[in-house]
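Remarks on the overall topology
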Amino acid sequence: PLIIMASSISLSATIAAARSTARLASRSSTYAATLAVRHLTGGAGPAKVSVDHYASGWKIDDIADWSKHGKYHIQTFNKISDKGLKQFPDDLYEIKPSEWDAFNAHAILLRSHKLQESEVDVSVRAIARCGAGTNNVPVARMTEVGIPVFNTPGANANAVKELILCGMLLGSRRVVDGINHMKELGEKGQARERVEKDKAMFGGRELKGKTLAVVGLGHIGASTARDSAALGMDIVGYDPGLSIESALKLPREITLVDSIASAVANADYISLNIPYIKGTPDEGGTHGIIGKDVISHLKSDAVILNFARGELVDSDAMKGFLDSGDGRYVCDFPDDIVWDHENAILLPHLGASTEEAEDQAAAMAANTIRDYIETGTIKNSVNFPETSLPDRPENAIRMTVVNKNVPGMLAHITEAFAKAELNIIQQVNHSRGDVAYNVLDIDPTSDGGEGVCLKDLQRELTMLEGVLSSRILFGTPGAGYARNIDGQYFI
């Protein structure tokens, strides 16, 4: 049997210090030493493994009330689907709303809440958004401090795709104008006598045989292309970063082109499905990417469907297009310029607002968090390298190290294990941009069955120049997470 114990915690100071805006800076002294102990069987006998927990850097008087070991703590912002939250087993996880006043979350789960750095406590080791976009999370800053940010690509793809198909119909048949007209006639009691005569005011066209340009062929774009082809439309697609996974979902009849201008040139409908990246196209961003240049290639009666991000479209250029012909703009976001234009239809960001999409996104985010917290696996991260891991060998201890992606770091890390006379059974090292992620499975057993104290090793690893954090995925849930914050050791 496995035995888990923890010593008592003794602290002094005030909780007010920890609840300042600069939480990271406020926890500056060593006050506690909690020991998480677990017994292994291996070699010639059992080996005792000890790990620190709330032992350095904390300055909170009532830490004993909220540092109880035994469960991972997940802090939620916004209302998260119950079906998604049920992915967290009750015996391992405790779910807390944003109003939770104890700042000891191990992970954050959110939807549209604009996350502030001050809301990300020292104990947080992962953030997941229930949705594809992460503009409401300070991703760059989280990368700097070594915290992975996850999203849920594809979870809302069907919901958004269905609304895009609806948008094509709205842009083709003046359905909204017809509905409003019937309400006006109804108020006057004239609906029955005028309906046949007035319907000519709202004529339109069919989708079959028309050309749809899909700009961006990810989960949503590929799904839109496939179902539009099934409606009898001709499909033109553009995506310079088309993945094999998405390519396999495309209709066989699609024509792929090498620029947005080429895609939209002869299209009757244009669906925008690209991510928003700050900066102009010249700066490598996508802000205003649908501007005068692209719009000049449109057919005069083209229908533009924007269910991606409002900022992708230059509103002034779009207004000029709508003023000059019979084109339409259907957008799922606010627009201060064309909001009242007769040829524009604006929706209140309904793309992913279905019960099914919210359930799927929450479940995917929860499972992503679980994979990372429990095994170290990284999937669907927007700032950390994708990392699929083998199972941890029996009686091995898994440690992870997050560091700046600079030369020589891996050598320093493995040297620390060698110095501690610990055998590395298997290891994985992946990098992405400025961050590197290391996973090492070690054998803690010894011929004499002596205990293995990982406290000193973890401190040495974490305080190496360039290391941001380390974790020991073993023993007490939530224990064994250490941060290097400006040369200060927090665990």
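The model shown is predicted, which means the values in this text are computed figures rather than measured ones.

Helices and strands together make up the secondary structure of the protein, namely 16 helices and 22 strands. Out of the 491 residues in the protein, the part that is buried amounts to 51%. Partitioning the contacts of the protein with sequence separation of at least 6, the portion at a separation of at least 24 is 63%. Summed over its atoms, the accessible surface of the protein is roughly 22,800 Å², and 49% of this surface lies on carbon and sulfur atoms.

With that out of the way, let us pick up the pattern of salt bridges. Summed over all chains, the structure comprises 18 salt bridges. Residue Lys-161 pairs with Asp-227 through a salt bridge whose shortest N-O separation is 2.6 Å. With Lys-161 in helix H6 (residues 157–173) and Asp-227 in helix H9 (residues 219–230), this residue pair connects regions lying 66 residues apart in the sequence. Note that Arg-370 is salt-bridged to Glu-374, the shortest N-O span being 2.7 Å. Of this pair, Arg-370 and Glu-374 both sit in helix H14 (residues 355–375), separated by four residues, roughly a single helical turn. A cluster of three or more residues bridged by salt bridges with shared partners is formed by Glu-117, Arg-141 and Glu-144.

With that settled, consider the side chain of Arg-125. Mapped onto the elements of the fold, Arg-125 is located in the loop between strand E6 (107–110) and strand E7 (127–129). Look at Arg-125: it is buried, it has no salt bridge, and the nearest opposite charge is Asp-121 at 8.9 Å. Within polar-contact distance, the side chain of Arg-125 engages the backbone oxygen of Gly-478 at 3.3 Å. Those residues in contact with Arg-125 that lie beyond four places of it in its chain are His-106, Ile-147, Pro-148, Tyr-372, Arg-471, Gly-478 and Tyr-481.

The next subject is the packing of aromatic side chains. Under the definition given, this model contains five aromatic pairs. When the ring of Tyr-72 is compared with that of Tyr-93, the centres are 5.2 Å apart and the planes differ by 35°; the resulting orientation is tilted. On the criterion of sequence distance, the pair formed by Tyr-72 in strand E4 (residues 72–76) and Tyr-93 in strand E5 (residues 93–96) is long-range, its members being 21 residues apart. Considered together, Tyr-72 and Tyr-93 belong to a single accessibility category, that of buried residues. Geometrically, the ring pair formed by Tyr-372 and Tyr-437 is tilted, given 6.2 Å between the ring centres and 35° between the ring planes. Taken together, the residues span a long stretch of sequence, with Tyr-372 in helix H14 and Tyr-437 in strand E18 (residues 435–443) at a distance of 65 residues. What makes Tyr-372 buried here is its relative accessible area of 3%. On the basis of relative accessibility, which here comes to 0%, the residue Tyr-437 falls in the buried class.

On to the sheet that holds E4. Here we have five strands laid out as an open sheet, ordered E5-E4-E6-E7-E8, and parallel in their pairing. Strands with a single pairing partner mark the edges of an open sheet, and in this sheet they are E5 and strand E8 (149–150). Bridge count for E4 against E6 is three bridges, and the pairing is parallel. Looking at the pairing, Gln-75 lines up with Ile-108 of E6. Sitting on the sheet, H14 is in contact with E4, E5, E6, E7 and E8, with an inclination near 170° to E6.

So, on to the pairing of strand E12 (residues 269–272). In the case of a regular strand, side chains alternate between the two sheet surfaces. Both faces of E12 are covered, namely the face carrying Tyr-269 and Ser-271 and the face carrying Ile-270 and Leu-272. Direction of pairing for E12 relative to strand E13 (residues 303–306): parallel, over a ladder of four bridges. Looking at E13, one finds that Tyr-269 is bridged to Val-303.

This next bit is on unusual backbone geometry. Of note, the phi angle at Arg-174 is positive, near 50°, even though the residue is not glycine. With respect to the secondary-structure elements, Arg-174 resides in the loop between H6 and helix H7 (175–188). Residue Arg-174 is classed as buried on the basis of its relative accessible area, which comes to 18%. Phi is positive for His-349, close to 50°, though the residue is something other than glycine. Relative accessible area serves as the criterion here: at 44%, His-349 is assigned to the partly exposed category.

This part takes up the packing of helix H15 (residues 409–419) against helix H16 (residues 455–462). At a closest axis distance of 10 Å, the pairing of H15 and H16 adopts a crossing angle of 160°. As judged from the angle between their axes, H15 and H16 are roughly antiparallel. Note on packing geometry: the crossing formed by H15 with H16 is right-handed. Each of Ile-413, Ala-416, Phe-417 and Lys-419 in H15 lies in contact with H16, whose residues at this interface are Leu-457, Glu-460 and Leu-461. Class assignment for the residues of the contact of H15 with H16 results in five nonpolar, no polar and two charged.

Turning our eyes to something else, we now look at helix H13 (residues 315–324). The α-helix winds at 3.6 residues per turn, so residues separated by three or four positions along the chain end up facing the same way. Within H13, the full set of buried residues consists of Ser-315, Ala-317, Met-318, Phe-321 and Leu-322. Along the long axis of H13, the arc covered by the buried residues comes to 160°, so they all point the same way. Away from its buried face, by an angle of more than 90 degrees, H13 presents the exposed residues Asp-316 and Ser-324. Buried positions along H13 lie against helix H12 (292–295), E13, strand E14 (328–331) and strand E15 (344–346). Two to three positions downstream of the cap, the backbone nitrogen of Asp-316 sits 3.1 Å from a side-chain oxygen, assigning the N-cap of H13 to Asp-314.

Looking at where Glu-342 falls in the secondary structure, it is placed in the loop between E14 and E15. Given a relative accessible area of 63%, Glu-342 falls into the exposed group.

On the basis of which strands lie adjacent, the open sheet formed by seven strands has the order E11-E10-E9-E12-E13-E14-E15 and parallel pairing. In this open sheet, the two edge strands, each paired with only one partner strand, are strand E11 (255–256) and E15. Together, E13, E14 and E15 form the strand contacts of H13, whose direction differs from that of E14 by roughly 140°.

Okay, H14 next. With 21 residues, H14 extends 30 Å from end C-alpha to end C-alpha; this agrees with the ideal 30 Å at 1.5 Å per step. Of the positions making up H14, those classed as buried are Ala-357, Asp-359, Ala-361, Ala-362, Ala-363, Ala-365, Ala-366, Thr-368, Ile-369, Tyr-372 and Ile-373. Within two residues after H14, Gly-376 carries a phi angle of roughly 90°, on the positive side.

Analysis parameters
- Sequence order as written defines residue numbering, which begins from 1 separately in each chain.
- Note on the predicted model: pLDDT of at least 70 is required for a residue's local features to be given, and 80 or more for side-chain atom pairs to be given and counted; whole-chain, interface and lining totals, by contrast, use all residues.
- Excluding hydrogens and water, the side-chain values take into account all heavy atoms of the structure.
- Segments assigned H or I by DSSP are reported as helices when at least four residues long, segments assigned E as strands when at least two residues long, and all are numbered from the N terminus.
- Only protein chains enter the calculation, and the probe is 1.4 Å; a residue is then buried if its accessible area is under 20% of its type maximum, exposed if over 50%, and partly exposed in between.
- We call two residues in contact when some of their heavy atoms are within 4.5 Å.
- The Shrake-Rupley method, run with a 1.4 Å probe sphere, supplies the accessible areas, and residue values consider only the shown protein chains as cover.
- Here, a salt bridge means any side-chain nitrogen of Lys or Arg that lies within 4 Å of a carboxyl oxygen of Asp or Glu.
- Counted as positive: Lys and Arg. Counted as negative: Asp and Glu, with His and the chain ends omitted from the count.
- For the purposes of these results, a polar contact is taken to be a pair of N or O atoms within 3.5 Å, where, inside protein, one atom must be able to donate a hydrogen and its partner to accept one; residues adjacent in sequence count only when each atom of the pair is a side-chain atom.
- Only Phe, Tyr and Trp rings take part, Trp by its six-membered ring, and two of them pair if their centres are within 6.5 Å. Stacked means planes under 30 degrees apart, edge-to-face means over 60, and tilted covers everything else.
- DSSP calls a pair of strands paired once it identifies at least 2 bridges connecting them.
- Note on definitions: angles span 0 to 180 degrees between N-to-C directions of axes, and those axes are lines fitted to C-alpha atoms, for helices only across the stretch in contact.
- For classification, angles of less than 35 degrees are called roughly parallel, those exceeding 145 degrees roughly antiparallel, those between 65 and 115 degrees roughly perpendicular, and all remaining angles oblique.
- If you view the pair so one helix is near and one far, a crossing is left-handed when the near helix is turned anticlockwise from the far one by less than a right angle, and right-handed when it is turned clockwise.
- Under the scheme applied, nonpolar residues are Ala, Val, Leu, Ile, Met, Phe, Trp, Tyr, Cys and Pro; charged residues are Asp, Glu, Lys and Arg; polar residues are all the others, including Gly.
- Each C-beta atom gives one direction from the helix axis, and the arc is the one those directions make.
- For a helix, the expected span equals 1.5 Å multiplied by the residue count minus one.

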